[in-house]
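Here is how the chains run, residue by residue.
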Amino acid sequence: MSIYTGDSIKLQDYTTVEHSASPVNEQLSEKGSERVFLAETFYITSKKNTVFQVRLSEKGLCLRKESSSGVKEQTILLADIIGCRCLRSKRRGHGGSACACSALPGPAQLKVVEANSGEQDESDASAYLYIYAYILKRSRRGGRRERTTITLRFRSFDKYDDNNREAQKWRTAIKALINDEVPKTPTYTPSDARKMLIILNPKSGSGKAREVFQQRVAPIFVEAELPFELHVTKRANYAREFVRTRDIFAFRGIVVVGGDGIYFEVINGMMERPDWERALEEVSVGVIPCGSGNGLARSIAHSYGEPYEPKPVLGASLTVIRGRSTTMDLVRVETKSQIMYSFLSIGWGLISDIDIESERLRAIGGQRFTLWSVHRLISLRTYQGRVSYLPASQVVTNGVEKQYDGGFGRNSGPMMRHSLSYNNALDCPDCHGEGDCETCDTGFGDVLSLETSTGLDSFRPRLDSWYSATSRKSAYYSTAESIYQSVHEKSSQEGSRGDDETQSHQMFGPASRIPALTTPVPDTWTTIEGEFVMVHAAYQNHLSTDCHFATSSKLNDGIIWLCIIRGGASRSQLLTFLLGLSSGTHIPSTQSEYIKMIPVQAFRIEPTSGGPPGCVTVDGEKVEYGPIQGEIYGDMANVMVPAQS
């Protein structure tokens with residue numbers, strides 16, 4: 001057997017490793033408190049006196065390097081491994097074929113193919129196991145994931161079938177462990193063979209969602225052997241109609257590729273189903289951010305310590321592959337003419353005005369928010385109206401439960417303070433968490449670093465025998481018989497705008513626990529009247545990629561964080577507020593008469609008629625201007641989240 005590192009197609013600067021004379025295959029053995037499923041000894045032919053002990057345990061893949069310079073050990077966590085494949089060397093076009101007992105071919109010669117492709121080299125009895133991992137490297141700047149391919153060459157036996165049996169044993173164990181299963185059978189059968197439903201909005205953000213999926217998401221799905229069915233939206237509310245009318249239980253989950261708008265469509269499509277309770281309970285929804293805001297995707301990454309910048313698509317794709325989920329709160333929203341469900345925020349005033357009115361500057365990208373913020377500060381608006389809310393009776397802060405009386409005065413009880421963004425930096429005294437010093441160096445350059453890249457953009461060409469996302473004929477397909485529904489696919493709604501745009505559908509869901517919008521609020525609510533610069537209710541920690549709005553918010557804490565800015569706030573206070581949104585320091589650390597962040601269970605906003613025109617938004621989308629109210633329902637939906645290491 002041999003071990004080397006390299007990309008699935010083109011190997012560069014690889015190191016040949018040979019299997020020792022005495023293999024060690026011990027299933028379900030115990031090594032201290034760590035359960036070891038498989039163990040094997042490897043050695044490197046290009047370096048004398050260098051041996052690798054490779055163990056597969058419940059923790060991950062452990063590589064122990066023993067050489068004349070000492071012993072070093074590196075463990076690739078199961079949470080960082082996404083998949084593995086058994087392959088075989090490809091037949092060469094010229095110069096004959098390699099002997100099964102010879103050293104590995106040079107990097108320009110070695111290629112691998114599927115065992116049944118018809119292009120395999122029958123004279124090479126070796127079986128190759130490619131293990132794909134995205135290793136999390138943390139630093140003071142936040143961290144990043146590095147793509148690493150580890151390749152094990154099995155060649156202990158004279159026949160390929162025998163070597164392949166050994167490779168398949170490792171593949172079965174790895175695939176089972178990364179899916180939280182105990183390896184039991186000689187071959188791996190997924191517990192859930194259903195496809196993942198992908199709904200892609202081609203017009204999200206800069207309009208490059210299709211290219212992003214093809215170039216950055218599909219290759220990762222190929223490595224993980226994740227089957228999927230992709231549908232591209234054709235019009236507004238296409239995703240909503242699709243989820244409302246199709247058999248979504250035939251899929252293992254739904255993934256939206258786009259911004260917060262398409263996630264809003266999917267959630268409300270579920271709530272328009274008569275079986276909405278089953279849909280919310282059994283179908284998890286994930287998001288791969290390709291929009292301009294991406295508030296939910298950023299909130300999930302922040303909550304779980306997953307690196308988001310500079311490539312948020314990578315972490316989100318790995319989240320989908322893992323398939324982990326947790327519950328998420330939803331807010332039932334009522335306006336004069338409709339009921340809907342929200343997962344992000346509801347706004348009136350300054351932030352909503354900036355968001356909606358800056359659409360005319362969309363061509364300049366994210367800077368449109370900055371420019372329009374300056375414009376709104378210069379020509380500041382205030383709005384007359386009434387804000388009522390039901391205070392959250394108990395708020396947990398730093399593990400301590402505190403009472404909150406819901407007032408608006410200087411001594412009104414605990415409110416959310418400012419906090420800095422999440423940072424899990426490693427504290428190395430030599431490199432300060434950058435990972436480039438001798439202390440942090442694990443000494444596994446021979447195994448990991450030679451074929452490690454820092455991003456998906458540096459992917460090398462993939463196997464010509466695979467259904468690759470880079471193939472012109474098979475774009476959007478994976479090796480797992482995935483389906484791509486073209487944007488030109490025929491539909492019963494073709495040629496029309498769709499029934500969603502001409503008529504409403506019944507909204508199901510739990511019964512409201514608060515008075516209807518047309519009736520007065522109870523005396524137990526707190527009511528404020530007067531001038532307001534802004535009222536914004538949030539239930540995620542981020543409203544967008546760079547807007548850390550509700551710093552204490554959790555996915556399922558059952559709290560709406562209501563930010564109220566009263567009329568009379570100075571422009572300097574508002575400027576400080578806007579500048580602090582990116583770091584979460586926008587709420588004053590001392591009590592402010594004009595700016596408050598209040599935890600509530602329900603609220604109502606009632607603009608006074610006759611005032612200046614303004615915007616009311618739900619999850620970043622403009623709705624009718626007028627009274628609006630919301631109440632939170634905890635643990636209502638299931639959302640995909642990163643795996644915990």
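Structure's up top.
Presented here is an overview of the structure given in this document. (Residues numbered from 1 in each chain as written. Predicted model: local features only at pLDDT ≥ 70, side-chain atom pairs only at ≥ 80, totals over all residues. Heavy atoms only, no water.)

## Regarding the overall build of the protein
Step number 1: Looking only at helices and strands, the protein has ten helices and 28 strands in total.
Step number 2: Counting over 645 residues, the protein shows a buried share of 55%.
Step number 3: Long-range pairs, those at least 24 residues apart, make up 73% of the contacts in the protein with a sequence separation of at least 6.
Step number 4: Accessible surface, the protein as shown: approximately 27,900 Å² in total, 48% of it carbon and sulfur. (Helix = DSSP H or I, 4+ residues; strand = E, 2+ residues; numbered from the N terminus. Buried < 20%, exposed > 50% of the residue type's maximum accessible area, 1.4 Å probe, protein only. Contact = heavy atoms within 4.5 Å. Areas by Shrake-Rupley, 256 points an atom, 1.4 Å probe, with all protein chains shown as cover.)

## Notes on the pairing of strand β12 (residues 196-200)
Step number 1: Extensive coverage of β12 is indicated by the burial of five of its five residues.
Step number 2: Here β12 shows no split at all, with M196, I198 and L200 on one side and L197 and I199 on the other all buried.
Step number 3: With respect to chirality, the unit in which β12 leads through helix α2 (residues 209-224) into the neighbouring parallel strand β13 (residues 228-232) is right-handed.
Step number 4: Note that β12 and strand β14 (residues 253-258) share five bridges and pair parallel. (Right-handed = clockwise from strand over helix to strand, strands pointing away. Pairing = 2+ DSSP bridges.)

## Focus on the packing of aromatic side chains
Step number 1: On inspection of all chains with the given rule, the structure shows seven aromatic pairs.
Step number 2: Joined through ring pairs, the aromatic side chains of F213, F221 and F228 make up one cluster.
Step number 3: Above the plane of the ring of F249 lies R278, whose end atom (NZ or CZ) is 3.6 Å from the centre.
Step number 4: If you follow R513 out to its NZ or CZ, it ends over the ring of Y633, 3.9 Å from the centre. (Phe/Tyr/Trp six-rings, centres within 6.5 Å; stacked < 30°, edge-to-face > 60°. Lys NZ or Arg CZ within 6 Å of the ring centre and 35° of its normal.)

## A few points about the packing of α2 against helix α7 (residues 312-322)
Step number 1: Here α2 crosses α7 at 35°, and the two axes come no closer than 10 Å. Judged by the sense of rotation from one axis to the other, the crossing of α2 with α7 is right-handed. Along the contact surface, α2 presents V212, R216, V217, I220, F221 and A224, while α7 presents V313, L314, S317, L318, V320 and I321.
Step number 2: Here the residues of the contact of α2 with α7 sort into ten nonpolar, one polar and one charged. (Axes fitted to C-alpha atoms, helices over the stretch in contact; angles between N-to-C directions. Left-handed = near helix turned anticlockwise from the far one by under 90°. Nonpolar A, V, L, I, M, F, W, Y, C, P; charged D, E, K, R; others polar.)

## Some thoughts on the environment of M534
Step number 1: Note on placement: M534 falls in strand β23 (residues 526-538).
Step number 2: M534 gets classed as buried once you look at its relative accessible area, which sits at 1%.
Step number 3: Sequence separation between M534 and I351 is 183 residues; the distance between their C-alpha atoms is 7.1 Å.
Step number 4: Beyond its immediate sequence surroundings of up to four residues, M534 is in contact with W348, G349, L350, I351, C563, I564, I565 and F577.

## What about the nonpolar core?
Step number 1: I199, I254, Y263, M270, L562 and I564 are the most contacted members of the largest nonpolar core, which has 66 residues in total.
Step number 2: Among the elements that take part in this core, helix α4 (residues 260-271) stands out by supplying seven residues, more than any other. (Core = buried A, V, L, I, M, F, W, Y, C linked by side-chain atoms within 4.5 Å.)

## Looking at helix α6 (residues 295-304)
Step number 1: Buried residues dominate α6, accounting for eight of its ten residues.
Step number 2: Among all positions in α6, only G295, L296, A297, R298, S299, I300, A301 and H302 are buried.
Step number 3: On its buried face, α6 sits against α4, β15 (285-289), β16 (325-334) and β28 (628-640).
Step number 4: Backbone geometry just after α6 places G305 at a positive phi near 65°.

## Some words on the pattern of salt bridges
Step number 1: Applying the stated rule across the entire model yields 30 salt bridges.
Step number 2: Between D80 and R145 there is a salt bridge, with the nearest N and O atoms lying 3.0 Å from each other. On the criterion of sequence distance, the pair formed by D80 in the loop between β7 (70-77) and β8 (81-89) and R145 in strand β11 (residues 144-154) is long-range, its members being 65 residues apart. The burial state of D80 is the same as that of R145; both residues are buried.
Step number 3: Taking the shortest distance from any N to any O, the salt bridge between E357 and R381 comes out at 2.8 Å. (Salt bridge = Lys/Arg side-chain N within 4 Å of Asp/Glu carboxyl O.)

## Some words on the state of the cysteines
Step number 1: In the structure shown here, the tally under the stated rule is zero disulfides.
Step number 2: Free of any disulfide, C547 has its nearest cysteine sulfur in C563, 9.8 Å distant.
Step number 3: What makes C547 buried here is its relative accessible area of 10%. (Disulfide = S-S within 2.5 Å.)

## Observations concerning the packing of helix α3 (residues 238-245) against α4
Step number 1: Contact pair α3 / α4: the axes reach a minimum separation of 7 Å and the direction vectors enclose 30°. In this view, α3 runs roughly parallel relative to α4, as classed from their interaxial angle. Crossing angle aside, the handedness with which α3 passes α4 is right-handed. Contact residues: Y238, A239, R240, V243 and R244 in α3; I262, F264, E265, V266, N268, G269 and M270 in α4.
Step number 2: When grouped by side-chain class, the residues that make up the contact of α3 with α4 number seven nonpolar, two polar and three charged. (Parallel < 35°, antiparallel > 145°, perpendicular 65-115°, else oblique.)

## What about α3?
Step number 1: Counting buried positions over the eight residues of α3 gives seven, a clear majority of the element.
Step number 2: Among the residues of α3, Y238, A239, R240, E241, F242, V243 and R244 are the ones counted as buried.

## Some points on the pairing of strand β18 (residues 345-349)
Step number 1: Summarising burial for β18: five of the five residues are buried, a large majority.
Step number 2: In this structure, β18 lies alongside β23, joined through five bridges in antiparallel fashion. Pairing of G349 across the sheet is with M534, part of β23.
Step number 3: The pairing of β18 with strand β26 (residues 616-618) spans three bridges and is classified as antiparallel. Note on β26: the bridge partner recorded for I346 is V618.

## Notes on the environment of P310
Step number 1: Looking at the secondary structure, you find P310 in the loop between α6 and α7.
Step number 2: Owing to a relative accessible area of 66%, P310 belongs among the exposed residues under this scheme.
Step number 3: In sequence terms P310 and R144 are 166 residues apart; their C-alpha atoms lie 8.4 Å from each other.

## Structural notes on the side chain of S345
Step number 1: Counting through the fold element by element, S345 comes out in strand β18.
Step number 2: When its relative accessible area of 5% is taken as the criterion, S345 is described as buried.
Step number 3: A distance of 3.5 Å separates a polar atom in the side chain of S345 from a polar atom in the side chain of H536.
Step number 4: Leave out the neighbours within four places in its chain, and S345 touches H536, A537, A538, Y539, L543, T617, V618 and D619. (Polar contact = N/O pair within 3.5 Å; in protein donor to acceptor, adjacent residues only side chain to side chain.)

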